[in-house]
Amino acid sequence: MVVTAGLFVALAGGVLAWLGGTSVPLSILAGAAGFAGFVGLALAVMTFLTRAQD
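Quick caveat: nothing in here was measured; it's all calculated off a predicted structure. (Residues numbered from 1 in each chain as written. Predicted model: local features only at pLDDT ≥ 70, side-chain atom pairs only at ≥ 80, totals over all residues. Heavy atoms only, no water.)

J.: What am I meant to see in the side chain of Ser27 here?
T.: Within the secondary structure, Ser27 is located in helix H2 (residues 24–50). With relative accessibility at 4%, the residue Ser27 sits in the buried group. (Helix = DSSP H or I, 4+ residues; strand = E, 2+ residues; numbered from the N terminus. Buried < 20%, exposed > 50% of the residue type's maximum accessible area, 1.4 Å probe, protein only.)

Here's what the structure looks like:
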């Protein structure tokens, strides 16, 4: 589920960067950065929320 949401974030970021006038390779990098940031943050939050409370 996190990866699927990350793909939507990457697609949106890449398309918006491309529509803003960025070249295609740099738009792909913008989408990749959005994906990595979103997935990293989402996994950290999921780990925090599902951790066993001792």
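Alright, that's what it looks like, and here's the rest.
J.: Is there a simple way to think about the packing of helix H1 (residues 2–19) against H2 in this case?
T.: Packed helix pairs are characterised by how far apart their axes lie and by the angle those axes make with each other. Two elements in contact, H1 and H2, have axes whose closest approach is 7 Å; the angle formed by their N-to-C orientations is 150°. Between H1 and H2, the crossing angle belongs to the class labelled roughly antiparallel. Between H1 and H2 lies a crossing whose hand is right-handed. Listed contacts from H2 to Val2, Val3, Ala5, Gly6, Leu7, Val9, Ala10, Gly14, Ala17 and Trp18 of H1 are Val24, Ser27, Ala30, Gly31, Gly34, Phe35, Phe38, Val39, Ala42, Leu43 and Met46. Among the residues making up the contact of H1 with H2, the classes are represented as 16 nonpolar, five polar and no charged. (Axes fitted to C-alpha atoms, helices over the stretch in contact; angles between N-to-C directions. Parallel < 35°, antiparallel > 145°, perpendicular 65-115°, else oblique. Left-handed = near helix turned anticlockwise from the far one by under 90°. Contact = heavy atoms within 4.5 Å. Nonpolar A, V, L, I, M, F, W, Y, C, P; charged D, E, K, R; others polar.)

J.: Would you mind showing me how to read the environment of Thr4 here?
T.: Note on placement: Thr4 falls in helix H1. Residue Thr4 is classed as partly exposed on the basis of its relative accessible area, which comes to 45%. Remark: the alpha-carbon pair of Thr4 and Gly21, spanning 17 residues in sequence, is separated by 26 Å.

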